[in-house]
Amino acid sequence: MKKHILTVILSASLASVAQAAPTAFDFKDPKGVNAIQFSLDSMLEPIAGTAGGVAGTVTFDPAAPGATHGKIVIAAKSLVVPNATMNEHLVSPVWLDVATNPEIVFELVKLEGATTAGNVTSATATGKFTLKGVTKEIKVPVKLTYLADAFGKRINKPEVKGDLLVIRGEFTVNRGEYGIQPGKNEDKVNTEVKISLAIVGSAPKA
Amino acid sequence: MPPLKRLLLVSVLAVLAATASYWAAKGAHTGWSQNRVPVSKTDEVTGIVFTAYEDRFVPGIEVLGAGGLAATCLLVAAIFVRSKKLSSPNS
């Protein structure tokens, strides 16, 4: 009897440890939904576009969200704006120089002030943001939504097990500080670039 | 009025009307022309609102500007087309 109780307790403990284990979420989305959005004011209308080449991994544990770590990488050449000529200028050496600086990176250093309500964790992410080869530490208010067992439903294969992690955040950078036309064309194109992200990472279970 | 001048003035009106009609019919977009049009979509499971692009051309104000410039050139040409001088009865 004693042995049986011990086995049950041990099994329950192992199960809870397994559930609370940090999980690595891959942000290369099989459905191609992931993108960052950016916008900045300019003379005639705001320049708004997206960058869909999102990759990277974030390790998240719903039981310990403060321990979240990882890196999101954006392919700079995936930047798209609706006007083709403007798109050419954007990726050219004059602006982002994507040939020399092919990646835009956010590397999470720490997650502070994490509070969880239901499956949503709000926190401030401190990380190293690299744009056009310049790296600066920034703070981004983020929301992490943990969707347990939602992977299969999303890919229309309910039999496939796995979790999803959605990261939402918004921040502003000064383009001049990242070597993007510093001090130039400020009367035509605003220096502040608003960047927002809503991306999903997948962690299929074998 | 000389026939050439009349033709040029009619062309001015035609260019202006055609440009404005084309621009209006394609959405009357008051920004720059778009080679691809952003469309918002929502991922059902995650609730993520993302941007997809439709490959179609939407003329912007530079198309209107080009039409206006062409009409102005035609108008200037029309102004410089001389009317035939009436011959003086004393000459």
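Keep in mind that what you see is a predicted model, and the values were worked out from it rather than measured.

A. Region of the structure containing the overall build of chain B. Counting its regular elements, chain B contains 2 helices and 2 strands. Along chain B, from the amino end to the carboxyl end, the secondary structure elements read α-β-β-α. Against the globule reference of 12 Å for 91 residues, chain B gives a C-alpha radius of gyration of 23 Å, more extended than a compact globule. Taken over 91 residues, chain B has a buried fraction of 25%. In chain B, of all internal contacts separated by at least 6 residues, the share reaching a separation of at least 24 is 61%. As presented, chain B carries roughly 6,200 Å² of accessible surface, and 65% of it is formed by carbon and sulfur atoms. The positive charge centre, built from 9 side chains, and the negative charge centre, built from 5, are 34 Å apart in chain B.

B. Examining the pattern of salt bridges more closely. Residues and elements named next belong to chain A. Counted by the stated rule, this structure contains 8 salt bridges over all chains. The partner of Asp29 in a salt bridge is Arg154, and the shortest N-O contact between them spans 2.6 Å. Highlighted residues: Asp29 in the loop between β1 (23-26) and β2 (36-40) and Arg154 in helix α3 (residues 151-154), separated in sequence by 125 residues. For Arg154, a relative accessible area of 2% gives the class buried.

C. Focus on unusual backbone geometry. All names here are of chain A. In this structure, Gln181 takes a positive phi of about 50° despite not being glycine. Relative to the helices and strands, Gln181 resides in the loop between β10 (162-174) and β11 (192-204). Given a relative accessible area of 9%, Gln181 falls into the buried group. The phi dihedral of Asn185 is positive, around 55°, even though this residue is not glycine. Structurally, Asn185 can be placed in the loop between β10 and β11.

D. Expanded view of the packing of helix α1 (residues 3-25) of chain B against helix α2 (residues 61-80) of chain B. Residue and element names in this part refer to chain B. Between α1 and α2, whose axes approach to 8 Å, the crossing angle comes to 175°. Between α1 and α2, the interaxial angle falls into the category roughly antiparallel. Counted together, Lys5, Leu8, Leu9, Ser11, Val12, Val15, Leu16, Thr19, Ala20, Tyr22 and Trp23 of α1 and Ile61, Val63, Leu64, Gly67, Gly68, Ala70, Ala71, Leu74, Leu75, Ala77, Ala78 and Ile79 of α2 form the full contact between these two elements. Residues that form the contact of α1 with α2 fall into these classes: 18 nonpolar, 4 polar and 1 charged.

Conventions used here
Residues numbered from 1 in each chain as written. Chains lettered and ligands numbered in written order. Predicted model: local features only at pLDDT ≥ 70, side-chain atom pairs only at ≥ 80, totals over all residues. Heavy atoms only, no water. Helix = DSSP H or I, 4+ residues; strand = E, 2+ residues; numbered from the N terminus. Rg over C-alpha atoms; globule rule 2.2 N^0.38 Å. Buried < 20%, exposed > 50% of the residue type's maximum accessible area, 1.4 Å probe, protein only. Contact = heavy atoms within 4.5 Å. Areas by Shrake-Rupley, 256 points an atom, 1.4 Å probe, with all protein chains shown as cover. Lys, Arg positive; Asp, Glu negative; His and termini not counted. Charge placed at Lys NZ, Arg CZ, Asp CG, Glu CD. Salt bridge = Lys/Arg side-chain N within 4 Å of Asp/Glu carboxyl O. Axes fitted to C-alpha atoms, helices over the stretch in contact; angles between N-to-C directions. Parallel < 35°, antiparallel > 145°, perpendicular 65-115°, else oblique. Nonpolar A, V, L, I, M, F, W, Y, C, P; charged D, E, K, R; others polar.

Keep in mind these numbers describe shape, not what the thing actually does.
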